[in-house]
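# Structural description and commentary
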Amino acid sequence: MKKTQESRGIYYLLVYVKWFTIKENRILCIDLGATSERGRRGNCSMNGPDTKIPQATAKRLPLYYRFIQSLYNSGKLRVSSAELSEAVKVDSATIRRDFSYFGALGKKGYGYNVQHLLTFFRKTLNQDEVTNVALVGVGHLGTAFANYNFLKNNSTRIVVAFDADENKVGTTTQDVPIYHVSDMKEQIEANKVDVAILTVPSQFAQSVADELVEYGVTGILNFTPARLNVPAHVRVHHIDLSIELQSLVYFMKHYSQSAEGVKS
């Protein structure tokens, strides 16, 4: 169960990173029938056909999409915000507010049409486009990513891996070829990589990130303790497992589960 939850968490983050990097870190204004982009200083009116979407809302979209997809696969035709709330552990008022940014996705007293939601979020999250991911660092954590390789997600895949260990270079892990880090430029360009997962020792993280950016990567999922400095158009998500664990322990001790609910 723990491994499945961690894998889903990584999936959500990658979809989120992908969504923002595809739009080159601009504010995304979404209409039910089309998408449009405006600059960072653009004004998306709440009363107009386009709506500015807060990043907190955007980060929850992959979570909604995954659950809606499971509902559709089970044959369910409609779902209420209360049912969504119970499943994804987000309060129903927040869900209704999140959905309201996209227009009339549901009807009062009826709920939401599952097929309509699935189609809408699939388009919004660019799930019909394949995102090629590079893995940099094939140690224990990197190998775990390669073994998982987003098996339940056809739109995201690790296509190439890099390491400095000559004993690993030239081998494969779960059909993912491992190249030397000196080959990153050639292989990232050849494989049209958009996103990279970074699991290298922290002292090398910034220099590797600089190279990734130079070679065209616009999204980085950073699992090192280092905080990376990147240009404004590059999206970085920092995931420090030790900090996450410390945060979990703190919340266990100082916040009531009955009051706060089970949240990630």
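Here, every reference points to the structure presented above.
Summarised in this report is the structure supplied together with it. (Residues numbered from 1 in each chain as written. Predicted model: local features only at pLDDT ≥ 70, side-chain atom pairs only at ≥ 80, totals over all residues. Heavy atoms only, no water.)

## Examining the overall build of the chain
The helix and strand inventory of the chain stands at 10 helices and 12 strands. Out of the 264 residues belonging to the chain, those deemed buried represent 44%. (Helix = DSSP H or I, 4+ residues; strand = E, 2+ residues; numbered from the N terminus. Buried < 20%, exposed > 50% of the residue type's maximum accessible area, 1.4 Å probe, protein only.)

## Concerning the sheet that holds strand β4 (residues 106-107)
The strand order β3-β5-β4 describes an open sheet built from 3 strands, whose pairing is antiparallel. Strand pairing shows two members of the sheet lacking a second neighbour, β3 (78-79) and β4, which therefore form its edges. Strand direction decides the pairing type here: β3 and strand β5 (residues 111-113), joined by 2 bridges, are antiparallel. The residue bridging Arg-78 from the neighbouring strand is Asn-113, located in β5. (Pairing = 2+ DSSP bridges.)

## Focus: the pairing of strand β7 (residues 156-163)
Most of β7 sits inside the fold, with 7 of its 8 residues counted as buried. Across 6 bridges, strand β6 (residues 131-136) lies against β7 in parallel orientation. The residue of β7 that forms the bridge with Val-136 is Phe-162. Bridging between β7 and strand β9 (residues 176-180) involves 3 bridges; their strand directions are parallel. From the neighbouring strand, Asp-163 faces β9, where its bridge partner is His-180.

## What to know about the packing of aromatic side chains
This structure, assessed with the given rule, holds 9 aromatic pairs. The interplanar angle of 90° and the centroid separation of 5.3 Å between the aromatic rings of Tyr-64 and Phe-99 together place this pair among those described as edge-to-face. Taken as a pair, Tyr-64 in helix α2 (residues 55-73) and Phe-99 in helix α4 (residues 92-100) lie far apart in primary sequence, 35 residues in all. The buried category is assigned to Tyr-64, whose relative accessible area is 0%. The class for Phe-99 is buried, based on a relative accessible area of 1%. (Phe/Tyr/Trp six-rings, centres within 6.5 Å; stacked < 30°, edge-to-face > 60°.)

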